[in-house]
Amino acid sequence: MKKIRNLTKAFFVNSSREFAVPFWTIIFPTLFFVLFVGIFENIGTSENLDLKVGIYYEEPLQGVIKTTFDDVFSPSDSNDIPFQVVEYDSFEKGLQNLKNSEISAFVVFPENFNLLNLKLFIETTEVPDIKVYYTNDSASMYAKDIFEVFIDEINIMMYTRGEEVKLTVNEEIIGIKQSEPYRYRDFLFPAIILMSVLTVAVFNMPFDFSYYVEKGVFKRLNSTPIKGNEYFFSFLLSHLILLLISLIVLYIEAYLFDVSSYIYKPGFIAYSGFSILVILSVGLLLSSFYKNMGSAEAISQVIYQATIFLSGFYFEVTNTPWFIRWYVYFNPATYLVDGLRKLMTGNVLVPVNIIVPVIWMMASILIFSMSYKGMVYREK
């Protein structure tokens, strides 16, 4: 045990001595998370969203009220407002389209809303509220807020004309009211975790192995009391310690950025551990392929960039051209990041989130175990 502890310490110190290792493993993912959240989370503002607001009239509007609302919200005249109006002839259809995210908000003008015409002359007339249905999706919230701004403007217009009639809006959120909106920071956080793991698996481990091969370190192990499995365990443990530090920093950052509380649930943490095992297994596989630092640097860059951008880390990739889409489905990181995001939204993992990564892990460990002994003791 003492031998393994000393070896682990030596490997860890040696790896951390180069600034590039802690930078790309710990500092860069945290900076990347801050940068991407700051840039992309605010892209989905009301000016950039394609908002659709559904409207349903329980009875046709009449009189002054009809004229006022037709001028503002009629589908034929909706180009002057920052959303498209979709008129429904069925309440159930409009509500279902809202649940399916086909519209961003659903507005219902209730029966007897035409009494608002009478209220212009008799203030005591009771008029039912306009009802706005929305979801906890950010686009839906924007649409609801924008609609209410237009209602406020109509109230101001009516007041300036001497008609002191105030329109009131009753809001109702569809779905679980306590659920959190799924923000870009929640979407990105699982990718940043896997990005940190990939850095260790694709760069740190293969580079160290290649360096030791070039320097003939493995040859010297033959003349020492150190066994190959002790060397391997210490080597792997040193990289796990570095990765653990990176994850702790990322979780602190996630707490400061108020990332979804699902990242603290046992299911998410357990699947994160499973993801680490899978990716590090692939890292061992890559380590057994490289014979020198030059090939390690060139091939690792290609694999890393392809994995990052063709796994759905930052954007949807299932619609990519067929000649590169094969890598999306071949890549284990695609299923791992998808699984983490399912857990973050309270959904259940599907078999493919487990089966494909397990196949990769078993195949990687098998191939590495077959080539490890020769790589360690018989390098040229």
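All values reported here derive from a predicted model rather than from experimental measurement.

### Some words on the overall build of the protein
The helix and strand inventory of the protein stands at 14 helices and five strands. Every one of the 380 residues in the protein was classed for burial, and the buried ones make up 48%. Once local pairs closer than 6 in sequence are excluded, the contacts in the protein between residues at least 24 apart make up 77%.

### Some thoughts on the packing of helix α7 (residues 184–214) against helix α13 (residues 332–344)
At their nearest, the axes of α7 and α13 sit 9 Å apart, and the two run at 140° to each other. Viewed along their axes, α7 and α13 adopt a mutual orientation that is oblique. α7 and α13 meet at a crossing whose hand is right-handed. Here D186, F187, P190, A191 and L194 of α7 come into contact with α13, specifically with A333, L336, V337, L340, R341 and M344. Residues that form the contact of α7 with α13 fall into these classes: nine nonpolar, no polar and two charged.

### Details of helix α4 (residues 91–99)
Taken as a whole, α4 has its buried residues at G94, L95, N97 and L98. The buried side chains of α4 occupy one side of the element, clustering within an arc of 160° when seen end-on.

### Considering the sheet that holds strand β5 (residues 169–173)
Strand-to-strand pairing in sheets goes through backbone hydrogen bonds, with the strands running parallel or antiparallel. Read from one edge to the other, the open sheet built from five strands follows the order β2-β1-β3-β4-β5, with strand pairing classed as mixed. Edge positions in the open sheet fall to β2 (84–88) and β5, since each of these has one partner strand only. Between one strand axis and the next, the sheet turns by 25° as a mean value, whatever way the strands run. The sheet contact formed by strand β1 (residues 52–57) and β2 spans five bridges and is parallel. Note that in β2 the partner of K52 across the bridge is Q84. Each of β1, β2, β3 (105–109) and β4 (130–134) touches α4; the most contacted strand, β3, lies at about 160° to it.

### Observations regarding the confidence of the model for the protein
Looking at the protein as a whole, its pLDDT mean stands at 80, while 82% of the residues score no less than 70. Per-element mean pLDDT across the protein ranges from 67 in helix α8 (residues 217–221) up to 93 in α13. Confidence drops under pLDDT 50 across residues 44–48; counting only partners more than four residues distant or on other chains, this segment forms seven contacts.

### Considering the pattern of salt bridges
Taken as a whole and judged by the stated rule, the model has two salt bridges. With its nearest N and O atoms 3.0 Å apart, the salt bridge here joins K144 to D145. For D145, a relative accessible area of 37% translates into the label partly exposed. Here K342 ties to D338 by a salt bridge, and the two come within 2.4 Å at their closest N and O atoms. In this pair, K342 and D338 are both assigned in helix α13, four residues apart and thus about one turn of the helix distant.

Thresholds applied
- Residues numbered from 1 in each chain as written.
- Predicted model: local features only at pLDDT ≥ 70, side-chain atom pairs only at ≥ 80, totals over all residues.
- Heavy atoms only, no water.
- Helix = DSSP H or I, 4+ residues; strand = E, 2+ residues; numbered from the N terminus.
- Buried < 20%, exposed > 50% of the residue type's maximum accessible area, 1.4 Å probe, protein only.
- Contact = heavy atoms within 4.5 Å.
- Axes fitted to C-alpha atoms, helices over the stretch in contact; angles between N-to-C directions.
- Parallel < 35°, antiparallel > 145°, perpendicular 65-115°, else oblique.
- Left-handed = near helix turned anticlockwise from the far one by under 90°.
- Nonpolar A, V, L, I, M, F, W, Y, C, P; charged D, E, K, R; others polar.
- Arc of directions from axis to C-beta.
- Pairing = 2+ DSSP bridges.
- pLDDT = per-residue confidence, 0-100.
- Salt bridge = Lys/Arg side-chain N within 4 Å of Asp/Glu carboxyl O.

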